[in-house]
Amino acid sequence: MQEKEMLELSKDINNYIRDFDHCYDNAETLKDLGKEIDDLREQINRLEKTDTNDFHLERLKEIHDMKAILYNELLKLHDHNIIILWQETSKILKTMSKVSDKDLRNNYPDLDIQIFRELQANIKGKNKSLKPSFKVRLKYKINQLFNWRRCKK
């Protein structure tokens, strides 16, 4: 493997790690936002039963609706990011599979081959767990094509 390809692989792995961290953070945000929405829904239900101030109740419903819209948009973005992360892992695995142990020993003697292969196995496991269904991938590709056509006009 040439130096240029190895640098590209290193850059791709760093991007993967960064993007994986972002996806994890987004998942945590979605979890927290979902809990807030559930709490608001419970509070609204409780207030509706007690027949309290309509203004306060309407304000809570507005906040609930805004947070629900935000949650749905973040969920769409998260799903999009998962597909991109899956594509990144596929690209990394394709590049890593081209690298032989002999090539690593000869060209990168400081690199621990066992750690490199463990990283490869870890990324392969993540790739399998991230792989979206065919239907989701097809929707993603169709949306990409429509967006691409809009940009060209």
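All figures in this text were calculated on a predicted structure; none of them were measured in a lab. (Residues numbered from 1 in each chain as written. Predicted model: local features only at pLDDT ≥ 70, side-chain atom pairs only at ≥ 80, totals over all residues. Heavy atoms only, no water.)

A. Layout of the overall build of the protein chain. Looking only at helices and strands, the protein chain features five helices and zero strands. Computed over C-alpha atoms, the radius of gyration of the protein chain comes to 23 Å, more than 25% over the 15 Å expected from 2.2 N^0.38 for 153 residues, which places it beyond the range of a compact globule. If you line up the protein chain on its principal axes, its C-alpha atoms span 75 × 40 × 25 Å. A buried classification covers 25% of the 153 residues belonging to the protein chain. Considering only contacts within the protein chain whose residues lie at least 6 apart along the sequence, 74% involve residues at least 24 apart. (Helix = DSSP H or I, 4+ residues; strand = E, 2+ residues; numbered from the N terminus. Rg over C-alpha atoms; globule rule 2.2 N^0.38 Å. Buried < 20%, exposed > 50% of the residue type's maximum accessible area, 1.4 Å probe, protein only. Contact = heavy atoms within 4.5 Å.)

B. Geometry of helix α4 (residues 113–130). Between its first and last C-alpha, α4 extends 25 Å over 18 residues, near the 26 Å set by a 1.5 Å rise per residue. All buried positions along α4 are accounted for by Ile113, Phe116, Gln120, Ile123, Asn127 and Leu130. Across the axial projection of α4, the buried residues extend over an arc of 110 degrees, all falling on one side. Facing away from the buried side of α4 by over 90 degrees, the exposed positions are Gln114, Ile115, Lys128 and Ser129. Looking at the buried positions of α4, the neighbouring elements they touch are α1 (3–50), α2 (54–97) and α3 (101–107). (Expected span 1.5 Å × (residues − 1). Arc of directions from axis to C-beta.)

C. Geometry of the environment of Val136. Note that Val136 resides in helix α5 (residues 134–152). Separated by 56 residues in the primary sequence, Val136 and His80 place their C-alpha atoms 9.7 Å from one another.

D. Just the pattern of salt bridges, in detail. According to the stated counting rule, one finds ten salt bridges in the structure shown. The residue Glu73 makes a salt bridge to Lys76 at a minimum N-O spacing of 3.7 Å. On the criterion of helical spacing, the pair formed by Glu73 and Lys76 is a turn pair, its members being three residues apart in helix α2. Of the residues examined, Glu73 reaches a relative accessible area of 46% and is grouped as partly exposed. A relative accessible area of 55% means that Lys76 is categorised as exposed. When the shortest N-O distance is used, the salt bridge between Arg117 and Asp101 registers 2.9 Å. With Arg117 in helix α4 and Asp101 in helix α3, the pair connects residues that are 16 residues apart, well separated along the chain. Judged by relative accessible area, Arg117 falls into the partly exposed class, the value being 25%. One continuous salt-bridge network, built from bridges that share partners, spans Glu8, Asp12 and Lys91. (Salt bridge = Lys/Arg side-chain N within 4 Å of Asp/Glu carboxyl O.)

E. Local environment of α1. In a regular helix each residue adds 1.5 Å, so 48 residues correspond to 70 Å; α1 covers 71 Å between its end C-alpha atoms and thus fits that length. Backbone geometry just after α1 places Asp51 at a positive phi near 60 degrees.

F. Up close: the nonpolar core. By size, the foremost hydrophobic cluster in this structure holds 17 residues, and its most contacted members are Met6, Leu9, Ile92, Met96, Leu104, Phe116 and Ile123. Only α1, α2 and α4 provide two or more residues apiece to this core. Beyond its immediate chain neighbours, meaning those up to four positions away, Ile92 contacts Leu9, Asp12, Ile13, Tyr16 and Ile123. Leu40, Ile44, Leu57 and Leu60 belong to the second-largest nonpolar core, a separate cluster that totals five residues. (Core = buried A, V, L, I, M, F, W, Y, C linked by side-chain atoms within 4.5 Å.)

Note that every value here comes from positions in space, so none of it alone points to a role or purpose.
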